[in-house]
Amino acid sequence: MRKEDCFYLGKIVSKYSFKGEVLVKLDTDEPEIYEKMESVFVSLGNNLIPFFIDRCRLHKSALLRVDFEEVKDEATADRIMGAALYLPLTMLPPLSGNKFYYHEVVGFTLFDSVHGDIGVIESINDSASQVLFEAKKGDKELLIPVTDAIVTKVDRAAKIVHVTAPDGLVELYLD
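Predicted, not measured: the structure shown is a model, and the values here were computed from it.

Let's shift gears to the side chain of R65. With respect to the helices, strands and loops of the structure, R65 is situated in strand β5 (residues 63–68). Within the structure, the side chain of R65 is placed 3.4 Å from the side chain of Y16, a separation counted as a polar contact. A polar contact is formed between the side chain of R65 and the side chain of E21, at a distance of 3.2 Å. When sequence neighbours within four positions are dropped, the list of residues in contact with R65 reads Y16, E21, V22, L23, R55, C56, R57 and H59.

If you want it as structure tokens, here you go:
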């Protein structure tokens, strides 16, 4: 399995017991949908290794307590500490309306309510405090904030994200 075919689920953040159980900090708004998992891919080195799960359950807020088949002692748990967990993209629950996964809209056209076609989404930058669409129109790059107030409609069939950019923002990039 390649990382490109998967989505990031979370990271192993600590050991839970001397029997090898670990706690995973999930990167999701709905942690309860991952309580019945049978397996995950663990990123070790440059590889995704399948790990099978004996049991997993929620532990406090967004933490998942996981008992892997292959991990039955502290020493083995130490070897996977800090590792990222992935699942295949096909396991993502479908979204509708104006909700979308970041990877889903890459390649979509950004269509502004005033300026029309303002470019094609090349990526989503979520490393800063404000998530941004990174779009390209010709040789110009645009950065448009991803907020409920700006994203007005996601048209999956036409591959268009409709936005109402703040006054002056599009002009800053395209003029």
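Now, onward.
Right, let's get into the sheet that holds β5. On the basis of which strands lie adjacent, the closed barrel formed by six strands has the order β1-β2-β5-β4-β3-β6 and antiparallel pairing. Taken pair by pair, the neighbouring strands of this sheet meet at an average axis angle of 45 degrees, ignoring direction. Pairing analysis gives six bridges linking strand β3 (residues 39–44) to strand β4 (residues 47–59), with the strands arranged antiparallel. Among the inter-strand pairings, S43 is bridged to a residue of β4, identified as L48.

Let us look at the pattern of salt bridges. Taken as a whole, this structure holds ten salt bridges when the rule is applied. Two residues, K15 and D78, come together in a salt bridge whose shortest N-O distance is 2.9 Å. You can see K15 sitting in strand β1 (residues 6–15) and its partner D78 sitting in helix α1 (residues 74–80), a full 63 residues away along the chain. Exposure remark for K15: the relative accessible area of 32% places this residue in the partly exposed category. Overall, the relative accessible area of 44% leaves D78 in the partly exposed class. Between E21 and R57 there is a salt bridge whose closest N-O contact spans 2.7 Å. With a gap of 36 residues between them, E21 in the loop between β1 and β2 (22–26) and R57 in strand β4 connect regions that are remote in the sequence. Its relative accessible area of 14% is what places R57 among the buried residues. If you follow the salt bridges from partner to partner, you end up with R2, E4 and D5 in one network.

Conventions we followed
Residues numbered from 1 in each chain as written. Predicted model: local features only at pLDDT ≥ 70, side-chain atom pairs only at ≥ 80, totals over all residues. Heavy atoms only, no water. Helix = DSSP H or I, 4+ residues; strand = E, 2+ residues; numbered from the N terminus. Polar contact = N/O pair within 3.5 Å; in protein donor to acceptor, adjacent residues only side chain to side chain. Contact = heavy atoms within 4.5 Å. Pairing = 2+ DSSP bridges. Axes fitted to C-alpha atoms, helices over the stretch in contact; angles between N-to-C directions. Salt bridge = Lys/Arg side-chain N within 4 Å of Asp/Glu carboxyl O. Buried < 20%, exposed > 50% of the residue type's maximum accessible area, 1.4 Å probe, protein only.

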